[in-house]
Amino acid sequence: METDSLPTEVILTYPRRSLGKINLDWTPQPGNYLNLEGQTYAVLERSHRYQYKLGGYELHKIALYVQSAPNTADRSLYQGRWVVGDASCRFNAHSEIMRCAVNPEGPCDRCRHYESSAAG
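- Going by the annotation in an unreviewed UniProt entry, the name recorded for the protein is DUF6464 family protein, with Floridaenema fluviatile BLCC-F154 given as the source organism.

The following block contains the structure:
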């Protein structure tokens, strides 16, 4: 196995199904976004699979559990990570996968419930 290429299976969480096997030259963390065949997915979980070889265990492959991310342009940086929607709104969930409770589908820029998190 090449050190700069990780065999990775991408698994959609709902409905659960494999989206395919790819080789990645980077290690996606939960909260990162992955583009696969023109579709963008949010990485929810990463799982390592090891295989025993003479002398010890070796990383064999990675499984990424993802969900569809329909609008990755509507993100903002919050405490060093990308979250969905406008992080300055008091109702924002500050999550990589969920916007907020009052307007989960968005968009934030036309939401009548917007309140600055500095208010209150």
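### Section: the overall build of the protein
Piece 1. Looking only at helices and strands, the protein has 0 helices and 7 strands in total.
Piece 2. Relative to the globule expectation of 14 Å for 120 residues, the C-alpha radius of gyration of the protein, 18 Å, shows a markedly less compact shape.
Piece 3. Principal-axis analysis of the C-alpha atoms places the extent of the protein at approximately 60 × 25 × 20 Å.
Piece 4. Nonlocal contacts in the protein, meaning residues at least 24 apart in sequence, comprise 34% of its contacts between residues at least 6 apart.
Piece 5. Within the structure as shown, the protein displays about 8,100 Å² of accessible surface, and the carbon and sulfur contribution to it stands at 48%.
Piece 6. Where the 13 positive side-chain charges of the protein centre and where its 13 negative ones centre are 6 Å apart.

### As for the environment of Arg90
Piece 1. Relative to the helices and strands, Arg90 is located in the segment after β7 (81–84).
Piece 2. Sequence-distant contacts of Arg90, defined by excluding residues within four places in its chain, comprise Glu115, Ser116 and Ser117.

What counts as what
- Residues numbered from 1 in each chain as written.
- Predicted model: local features only at pLDDT ≥ 70, side-chain atom pairs only at ≥ 80, totals over all residues.
- Heavy atoms only, no water.
- Helix = DSSP H or I, 4+ residues; strand = E, 2+ residues; numbered from the N terminus.
- Rg over C-alpha atoms; globule rule 2.2 N^0.38 Å.
- Contact = heavy atoms within 4.5 Å.
- Areas by Shrake-Rupley, 256 points an atom, 1.4 Å probe, with all protein chains shown as cover.
- Lys, Arg positive; Asp, Glu negative; His and termini not counted.
- Charge placed at Lys NZ, Arg CZ, Asp CG, Glu CD.

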